[in-house]
Amino acid sequence: MTTFSRRQALGLMGATAAAAGLGAPALAQRGKVVVGALPFTSHSGSFVALQRGYFEEAGLDVELKFFQAAQPMAVAIASGDVDFGVTAISGGLISLADKGAVKVIGGALSEEPGIDGQKILASNAAFEAGLTSPAALGEARYGMTTAGSSFHYMGSKIAAAEGVAPTFVPLQKVGAIIGALKSGQIDAWSIVPHIAKPLAGAGAVKMIGNVSDYLPDYQVTTVFTSTGNASSERELTSAFLGGFSRGVADYNAAMVDRSAGEEAMDEMVRLIHTYVYTDRPLEKAAPSIVNGSMRLNADAALNLASVRDQLDWFQSENLVDADITLETLVDSSYVETIGS
């Protein structure tokens, strides 16, 4: 059930006002605002907001800084090198929140029934040896970036549902995991569709399941910032969320709901290609971008039930301190919250 508190309503009003330009002169004097991103379609809210001037209209001079994994981005937020980021919840992010360094302030990518989401993959060699469904993951080597990553969480939840216990193999970067899966050095992995589908379509791997079958409302990525920004820079934080949410709205209309028309989709694909699959010509990148579209949370709404489940799992695995509360991790005053 969706709930609104007085603080959340005020936060949403602040974001809307900032997006309309109120307070923009004062914010403009602040200087560059650095936003962390990964070169994935799931970060399109930031891409669109920057390219279409929504951040600028909110009074923000935004620069994107790209990362290859979630953990380094969380560290950069904590150190002050980056102001805002979009990434999955990880053990490292939770530990930084426990130290008073970062706060989750909104939601981004999410699994949604009826929308083709993240895929569970098997290497060709493992598939031929019998890994044709998640139920056969018991002897598998499952790829992840690091212990306590979203890949670790997804793989563990899938395995627990099937009553199996794969071996998790840390490979640090997404590119390294792809290479290891294609070469058969690992047996399985789960990843967003814009990566999974092209790999399977090229015959490099096999798709054996859907993450949504195990985590139907999974809050895959969240919007986060430093605790200082969340608590003391409310105008700045609301302005960022306002601009970002306008980018999300354009993305969902063009790529997910398909309500903006074919021309709008083509334009959106060209915009996203500025950041995603840049090593390919547009005509080759476009199918992967289109087929990989997943829902981004409208107005950065945050699925607290999913975030709570993730925190509970990290604690059950002794990856973070057992005393960390949801309130330590999340500042829920800025956006609509879903669940409890």
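Refer to the structure presented above.
Rules used in this analysis
Residues numbered from 1 in each chain as written. Predicted model: local features only at pLDDT ≥ 70, side-chain atom pairs only at ≥ 80, totals over all residues. Heavy atoms only, no water. Helix = DSSP H or I, 4+ residues; strand = E, 2+ residues; numbered from the N terminus. Rg over C-alpha atoms; globule rule 2.2 N^0.38 Å. Buried < 20%, exposed > 50% of the residue type's maximum accessible area, 1.4 Å probe, protein only. Contact = heavy atoms within 4.5 Å. Areas by Shrake-Rupley, 256 points an atom, 1.4 Å probe, with all protein chains shown as cover. Lys, Arg positive; Asp, Glu negative; His and termini not counted. Charge placed at Lys NZ, Arg CZ, Asp CG, Glu CD. Core = buried A, V, L, I, M, F, W, Y, C linked by side-chain atoms within 4.5 Å. Salt bridge = Lys/Arg side-chain N within 4 Å of Asp/Glu carboxyl O. Polar contact = N/O pair within 3.5 Å; in protein donor to acceptor, adjacent residues only side chain to side chain. Pairing = 2+ DSSP bridges. Axes fitted to C-alpha atoms, helices over the stretch in contact; angles between N-to-C directions. Parallel < 35°, antiparallel > 145°, perpendicular 65-115°, else oblique. Nonpolar A, V, L, I, M, F, W, Y, C, P; charged D, E, K, R; others polar. Phe/Tyr/Trp six-rings, centres within 6.5 Å; stacked < 30°, edge-to-face > 60°.

Caption draft 1: Local environment of the overall build of the protein. Along the backbone of the protein there are 16 helices and 13 strands. Relative to the compact-globule value of 20 Å for 340 residues, the protein shows a C-alpha radius of gyration of 19 Å, a close match. Along the first, second and third principal axes, the C-alpha set of the protein runs to 60 × 50 × 35 Å. Counting across all 340 residues of the protein, residues that qualify as buried make up 56%. Long-range pairs, those at least 24 residues apart, make up 79% of the contacts in the protein between residues at least 6 apart in sequence. Surface summary for the protein: the accessible area is close to 13400 Å², and the carbon and sulfur share equals 51%. A gap of 3 Å separates the mean positions of the 23 positive and 35 negative side-chain charges of the protein.

Caption draft 2: Focus on unusual backbone geometry. Despite not being glycine, alanine 300 has its phi angle at roughly 60°, a positive value. Positionally, alanine 300 belongs in the loop between helix H14 (282-291) and strand E12 (302-303). With a phi angle near 60°, asparagine 318 is a residue other than glycine that sits in the positive phi range. Following the sequence through the fold, asparagine 318 ends up in the loop between helix H15 (304-316) and helix H16 (326-329).

Caption draft 3: A look at the nonpolar core. Formed by 108 residues in total, the largest nonpolar core has its most connected members in Trp189, Ile195 and Phe240. It is helix H12 (residues 234-256) that provides the largest number of residues to this core, a total of 10 residues.

Caption draft 4: Structural context of the side chain of lysine 103. Relative to the helices and strands, lysine 103 resides in strand E5 (residues 102-107). For the buried lysine 103, no salt bridge exists, and the shortest N-O distance to an oppositely charged side chain is 6.4 Å, to aspartate 331. In this structure the side chain of lysine 103 is engaged in a polar contact, spanning 3.0 Å, whose partner is the backbone oxygen of threonine 328. Not counting chain neighbours up to four residues away, the residues in contact with lysine 103 comprise Val223, Phe224, Thr225, Ser226, Thr227, Ala230, Glu327, Thr328, Leu329, Val330 and Asp331.

Caption draft 5: Seen up close, the sheet that holds E5. On the basis of which strands lie adjacent, the open sheet formed by 5 strands has the order E3-E2-E4-E11-E5 and mixed pairing. With partners counted over all chains shown, the strands left at the sheet margins are strand E3 (61-66) and E5, one partner each. Geometrically, the sheet is characterised by an average inter-axis angle of 25° between neighbouring strands, direction not taken into account. Across 2 bridges, strand E2 (residues 32-37) lies against strand E4 (residues 84-87) in parallel orientation. Looking at the pairing, glycine 36 lines up with glycine 85 of E4.

Caption draft 6: Looking closely at the packing of helix H3 (residues 44-51) against H12. Where H3 meets H12, the closest approach of the two axes is 7 Å, and the angle between their N-to-C directions is 105°. When the interaxial angle is binned, H3 and H12 end up roughly perpendicular. Facing H3, whose interface residues are Ser44, Gly45, Ser46, Val48 and Ala49, H12 presents Gly243, Phe244, Gly247, Val248, Asp250 and Tyr251. For the contact of H3 with H12, the per-class residue count stands at 5 nonpolar, 5 polar and 1 charged.

Caption draft 7: Structural context of H14. Among all positions of H14, only Ala285, Ala286, Ser288 and Ile289 are buried. Those residues of H14 that are buried are in contact with helix H10 (193-201), H12 and helix H13 (262-273).

Caption draft 8: Inspection of the packing of H13 against H14 at higher detail. As a packed pair, H13 and H14 sit with axes 10 Å apart at the nearest point and diverge in direction by 105°. It follows that H13 is roughly perpendicular to H14 by the angle criterion. Taken together, the residues of H14 that come into contact with H13 (itself represented by Met265, Val269, Arg270, Ile272 and His273) are Leu282, Ala285, Ala286, Ile289 and Val290. For the contact of H13 with H14, a count of residues per class yields 8 nonpolar, 1 polar and 1 charged.

Caption draft 9: Expanded view of the environment of aspartate 213. Assignment of secondary structure puts aspartate 213 in the loop between strand E10 (205-210) and strand E11 (222-226). Taking C-alpha positions, aspartate 213 is 10.0 Å from glutamine 118, a pair spaced 95 residues apart along the chain.

Caption draft 10: Expanded view of the packing of aromatic side chains. In the structure shown here, the tally under the stated rule is 12 aromatic pairs. Aromatic side chains tyrosine 142 and phenylalanine 168 sit 5.4 Å apart centroid to centroid with 55° between the ring planes, which places their arrangement in the tilted category. With tyrosine 142 in strand E7 (residues 141-144) and phenylalanine 168 in strand E8 (residues 167-170), the pair connects residues that are 26 residues apart, well separated along the chain. Exposure remark for phenylalanine 168: the relative accessible area of 21% places this residue in the partly exposed category. Seen from their ring centres, phenylalanine 240 and phenylalanine 244 are 5.8 Å apart, and the 20° between their planes marks the pair as stacked. In this pair, phenylalanine 240 and phenylalanine 244 both sit in helix H12, 4 residues apart, roughly one turn of the helix.

Caption draft 11: Expanded view of the pattern of salt bridges. All chains considered together, the criterion is met by 10 salt bridges. Residues arginine 246 and glutamate 57 are paired through a salt bridge, measuring 2.7 Å at the closest nitrogen-oxygen approach. In this pair, arginine 246 is assigned in helix H12 and glutamate 57 in helix H4 (residues 54-57), connecting sequence segments 189 residues apart. Between aspartate 309 and lysine 157 there is a salt bridge, and its shortest N-O distance comes to 3.2 Å. Taken together, the residues aspartate 309 in helix H15 and lysine 157 in helix H8 (residues 150-162) connect sequence positions 152 residues apart. Accessibility expressed as a relative area gives 28% for aspartate 309, which makes it partly exposed. Given the relative accessible area of 25%, lysine 157 is considered partly exposed.

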